[in-house]
Amino acid sequence: MTAHVDEIILAHRDELRDEATQLYVGEHMRECADCRDLERKVERADHLLRLPEAAVALPPRTAPAPSLEPWVTAPRVAVAGLAVLVAVGIGTGLRQVASTDDPGPPPPAAVAQPGGAASPGAADLAGTLAGVAIGMDGAEVRAILGEPDRTSPFGVQWTYDRGLILHFAAGPLADPVGLTSIFASPASGARTGEGFAVDGTEQEFRAIYPVAVTTATNAPVTTHYVAVTRNGRTTLSLRATFGPSGRAVSVLLIDDDRVPTIPLPVVRIIPTATGQPLVIGPYQPFPDWREALETDLRSAQDELTFVPLVADYMPIEVRADVRPRDSCGLATRCVQYILAVSSPQAFSVTVLQGPAGCCLDAARPNARRDIEIRPGVLAQFIPNQPHFGGPILWWTEETAPGSNVYVAVSGPLLDREELVKIARSMRPLGAP
Amino acid sequence: MTETKEGAGRAVMRVEYAVDWDALYREHGPALLRYLRRLTKSPDNAEELLQDVFTRAIRARRTPGPAPEIRSWLYRIATNAAIDHLRRERRWRSLPFIGGGSDSSLPSDDVELVRRSLRTIAPEQATALVLRLHEGFAPHEIASMLGIGEAAVKSRLVRGRRAFIDAYTRMGGRL
């Protein structure tokens, strides 16, 4: 018995068709407009399902404590715990608040005001946690906590494996300034400036912060929140999240006033692949992108069998995200970097590099390469539509003796000239 | 990690394995995170599930085998975690005071619409589709990973494709 053509169309991408089935489907398709439509839809659906997820930074792994339930060990839960909730304001009765996935601040239903009086017994916040204070610079934090185990590419996030994550406002890579938030899990053994231990109980928290707002999320997580306001606006806030045991699983101290507000320019850049001028903005420029890219490529170098190329030109200042990947065939490892503005995700350039023979150069060995990138290095331009990832410029190049590299540069909004400009700006890692 | 094995001569052998979970996390974490992100509503959900995957893995106290087996094993745990999450989310969505509304405020680009569509179809079908098309596993690999037959995987893929197309177009996507 032959399956209905619909079933064959839906399944054929996962199994080979034999000749007889192909013939049967072919004949049927000629007559059946609905089947042709379905095949087109399946093709498009498969393409959509293959669209890659944007690369995201790997959060620090949290070690599970044997006596705790799995969710307790994930500090993200503590922050995300503010997601969908009902807030009970002290003395204000029950109130419904917005439902959102963004773990932003809960409503300041009751806050402590320094020297002021949101409610009797209001607690001032010292603004310290784990011995470090909001506003400190990198050197001061280092003097107290030591070297962080990891830092983010731009140095604004410091992670200590013992359960502390710190964010800074900005600053040079080596020494950021303006500590804006401190996140602590019980493993850190940290205490707040007021003396609350991060693994303390709800009762202890209440005793120290009697005006704290209680928020409840998906039971059994409970979050208590206390904040300082200035000019009617919430600034410094402390959020403690408690698990079913009634003990805190995380504490977050954050000063919204210190989170930098960078004047965001609106830029008008090069004609796009569609021929239309592109306006991006407001967007946050990343003037240090070259340094970050080179640093990250250096740290990825050990995993690669070739010397990658570093780009020196981008139409606008972008954020660099470097990821080695192992999807370039057996026993080969590629590296991909994405240069993009973070928000809105309007502009991005992807540069993929692998050992020669890994990718398009294997699929299209006889492709006509007629764009000279450098003397003797010829590239091929493939005019893909923006919704399929945009045009691609690819070539192979010897970046060091014995290091033959496949390179592909693409961007949904770039035209041929911009891709060539980027390609010509590239130099082997380590070369002046 | 400790495991006790009974040898051929009935001697009891105590084998100690040192598992470098940090190294496994660094190696497989990024890919698993992208896989989970495809199936979840927010990056926070995906990160939370990733932590859950490694917590489950560590608690399983199982001896990881060679590299391909570890990868497959972690994907199996991630798939089970994702299915649990999707089922739980579906239950929560049915409650009147949660959900609704929030989805409409999400960006409507293709990838987001794909994620939203996947969350509306059967979790087993959604995970099969993502493992096949996003992660690039062959049906027989998915079958051995999930401990089901290859025919069952293909069936999930066929039903999943149909359900996905319906969901995607219902949400305003154009195919």
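Residues numbered from 1 in each chain as written. Chains lettered and ligands numbered in written order. Predicted model: local features only at pLDDT ≥ 70, side-chain atom pairs only at ≥ 80, totals over all residues. Heavy atoms only, no water.

Draft legend 1. The overall build of chain A, seen in detail. For chain A, the helix and strand inventory stands at 9 helices and 23 strands. Out of the 432 residues belonging to chain A, those deemed buried represent 47%. Long-range contacts, defined here as pairs at least 24 residues apart, represent 51% of the contacts in chain A between residues at least 6 apart. Per element, the accessible surface of chain A, about 20200 Å² overall, is 53% carbon and sulfur. (Helix = DSSP H or I, 4+ residues; strand = E, 2+ residues; numbered from the N terminus. Buried < 20%, exposed > 50% of the residue type's maximum accessible area, 1.4 Å probe, protein only. Contact = heavy atoms within 4.5 Å. Areas by Shrake-Rupley, 256 points an atom, 1.4 Å probe, with all protein chains shown as cover.)

Draft legend 2. How the structure looks around the packing of aromatic side chains. Residue and element names in this part refer to chain A. Under the criterion given, the structure shown has 10 aromatic pairs over all chains. With a centroid separation of 5.1 Å and an interplanar angle of 85°, the aromatic rings of Phe 196 and Phe 205 are classed as edge-to-face. Ring pairing ties together the aromatic residues Phe 196, Phe 205, Tyr 209 and Phe 242, which thus form one cluster. (Phe/Tyr/Trp six-rings, centres within 6.5 Å; stacked < 30°, edge-to-face > 60°.)

Draft legend 3. Geometry of helix 6 (residues 139-146) of chain B. Residue and element names in this part refer to chain B. Every buried residue of helix 6 is listed here: Pro 139, Ile 142, Ala 143, Met 145 and Leu 146. One face of helix 6 carries all of its buried residues, which in axial projection span an arc of 165°. Looking one or two residues beyond helix 6, the residue adopting positive phi is Gly 147, at roughly 70°. (Arc of directions from axis to C-beta.)

Draft legend 4. Here's a closer look at the pairing of strand 21 (residues 392-400) of chain A. Residues and elements named next belong to chain A. Here strand 20 (residues 377-382) pairs with strand 21 via 3 bridges, running antiparallel. Following the sheet pairing, Phe 381 is matched in strand 21 by Leu 393. Looking at chain direction, strand 21 and strand 22 (residues 403-410) are connected through 8 bridges and run antiparallel. Each bridged residue has a counterpart across the sheet, and for Glu 398 the counterpart in strand 22 is Asn 404. (Pairing = 2+ DSSP bridges.)

Draft legend 5. Geometry of the confidence of the model for chain A. Residue and element names in this part refer to chain A. Mean pLDDT over chain A works out to 71, with 64% of the residues at or above the 70 mark. Ranking the helices and strands of chain A by mean pLDDT puts strand 23 (residues 427-428) first, with 95, and strand 2 (residues 93-96) last, with 22. Every residue in residues 65-123 scores below 50 in pLDDT, and together they form 130 contacts with partners more than four places removed in sequence or on other chains. (pLDDT = per-residue confidence, 0-100.)

Draft legend 6. Structural context of the pattern of salt bridges. For the structure on display, the rule yields 18 salt bridges over all chains. One salt bridge connects Glu397(A) with Arg374(A), and the closest N-O pair in it is separated by 2.8 Å. With Glu397(A) in strand 21 and Arg374(A) in strand 19 (residues 371-374), the pair connects residues that are 23 residues apart, well separated along the chain. The same class applies to Glu397(A) as to Arg374(A), namely buried. A salt bridge links Asp84(B) to Arg56(B), with the nearest nitrogen and oxygen atoms 3.2 Å apart. In this pair, Asp84(B) sits in helix 3 (residues 67-93) while Arg56(B) sits in helix 2 (residues 43-60), placing the two residues 28 residues apart along the sequence. Each member of the salt-bridge network shares a partner with another, and the members are Glu53(A), Arg38(B), Glu112(B) and Arg115(B). (Salt bridge = Lys/Arg side-chain N within 4 Å of Asp/Glu carboxyl O.)

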